[in-house]
Amino acid sequence: MAKILTGIQSTGTPHLGNMLGAIIPAIEMANSSKEESYLFIANMHSLTQIKDHTVLKENTFLTAATWLAFGLDPKKSCFFRQSDVPEVAELAWYLSCFFPYQRLKLAHSFKDKADNLKDVNSGLFSYPMLMSADILIYDANIVPVGKDQLQHLEMTRDVAARFNNLMGDTFVIPDAKIQDDTNYIIGTDGEKMSKSKSNIIDIFLDDKKLRKQIMKIKTQSLSLEEPKNPDQCNVFKLFKVIASAEDVKKLRSRYTNGGIGYGEAKEILYNEILNRFSTNRESFFELTNNRDKVENLLLEGAEKARKQAQNVLKRVRSRVGF
Ligand code: ADP
Ligand code: TRP
């Protein structure tokens, strides 16, 4: 049976783009697949960028609660926090002794980060070895990731093959499953929604704050009466990805006929978000008031994951002579 594994970044609050582009499809795949699946919150990776105890903890909680509120079934998928399986750090060390420094220096994501971040620490540099350990420690063979992670996957395959060649067959060589990112969700400024651009829509805000985010969406400045091209309007573009085909058709004709102002269109979008995500919002708010439930689910997941990790690590330790 194939094992599917993916790591979820927890450097910020999950946003509508993450939900529609990654979370919902990943949960549908995990819940409907017969394969074993592992989903973990990569909070050890987040430490490369976040040095605030409260923020790190809160981001991890928000990420976990978001996945659960979207219907992740912890009975079907092994759902846990990376830091609850410390074995992964030990494996990252072994792997780093089998991977050339010169190759790590070529990592695009490190170069990007080194050019843009103030804190360029060595954790950031050796990140691909921790990510390789994340994958190899569970004998995962299918790893769904965005295109930006492909090079990390190549490094994972490479380091596993180097280890296998030198020390004998030990690791399963994983395959990447690249997620399509051509139809990305736009943010309030019309660019790709991204937590680094402060253009996000966070559907788990309370009604008032959520409404404020929607009202921030950039629009043209045509008068109420004028006919408008819906495909050039950020409000309509967002409505289109969440509403039913019938409602999209109705709003489209209101745009083309004229007589709808941007304020009303935003109000319609806001109500649609409340409507479409009402169950998710309810279950998210319930989890926020029941943090122990999330904590216990993560610990249960980690217990299962850890057993698997310990088996693989035992194999590796014996190969290296420890
Ligand atoms: P961000 O760009 O906000 O930092 P991440 O890089 O953490 O987001 O992305 C996590 C997942 O969410 C990835 O699978 C990515 O493809 C998906 N994702 C992020 N932003 C969007 C978006 N605007 N539209 C669709 N999917 C997105
Ligand atoms: N680096 C990935 C990202 O930025 C997150 C991640 C960490 C991951 N470990 C992983 C993804 C292992 C897949 C497998 O999105």
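Residues numbered from 1 in each chain as written. Chains lettered and ligands numbered in written order. Predicted model: local features only at pLDDT ≥ 70, side-chain atom pairs only at ≥ 80, totals over all residues. Heavy atoms only, no water.

The next point concerns the side chain of Asn 121. Looking at the element boundaries, Asn 121 is found in the loop between α6 (108-116) and α7 (122-136). In this structure the side chain of Asn 121 is engaged in a polar contact, spanning 3.1 Å, whose partner is the backbone nitrogen of Gly 123. Asn 121 has contacts with Thr 48 and Lys 51, leaving out every residue within four places of it along the chain. (Helix = DSSP H or I, 4+ residues; strand = E, 2+ residues; numbered from the N terminus. Polar contact = N/O pair within 3.5 Å; in protein donor to acceptor, adjacent residues only side chain to side chain. Contact = heavy atoms within 4.5 Å.)

As for its placement among the helices and strands, Glu 87 is situated in helix α4 (residues 87-96). Setting aside its immediate chain neighbours within four residues, Glu 87 contacts Ile 137, Arg 306, Ala 309, Gln 310 and Leu 313.

Take α7 next. End to end, α7 covers 22 Å across 15 residues, agreeing with the expected 21 Å (1.5 Å per residue, within 8%). Of all the bends in α7, the greatest, near 45°, is centred on Pro 128. With twelve of its 15 residues buried, α7 lies for the most part within the structure. If you check which residues of α7 are buried, you get Leu 124, Phe 125, Tyr 127, Pro 128, Met 129, Leu 130, Met 131, Ser 132, Ala 133, Asp 134, Ile 135 and Leu 136. Of the residues that open α7, the one with a side-chain oxygen 3.1 Å from the backbone nitrogen of Gly 123 is Asn 121. (Expected span 1.5 Å × (residues − 1). Bend = angle between axes of the 7 residues up to and from the residue. Buried < 20%, exposed > 50% of the residue type's maximum accessible area, 1.4 Å probe, protein only.)

Take the domain arrangement of the chain next. A common way to express how large an interface is: the accessible area buried when the components associate. In terms of domains, the chain is made up of domain 1 (3-184 + 291-320) and domain 2 (204-276). In this complex, domain 1 contributes seven residues to the contact, which on the side of domain 2 involves five residues. Roughly 390 Å² of surface becomes buried between domain 1 and domain 2 when both sides are summed, with 87% attributable to carbon and sulfur atoms. For the interface between domain 1 and domain 2, the tally reads zero salt bridges. (Domains from an automatic or database assignment. Buried area = accessible area lost by both parts, 1.4 Å probe. Salt bridge = Lys/Arg side-chain N within 4 Å of Asp/Glu carboxyl O.)

For Asp 139, which is not a glycine, the phi torsion comes out positive at approximately 55°. Relative to the helices and strands, Asp 139 resides in the loop between α7 and β4 (142-145). A relative accessible area of 16% means that Asp 139 is categorised as buried. Non-glycine residue Ser 198 carries a positive phi angle of around 45°. Looking at the element boundaries, Ser 198 is found in the loop between β5 (175-178) and α9 (207-215).

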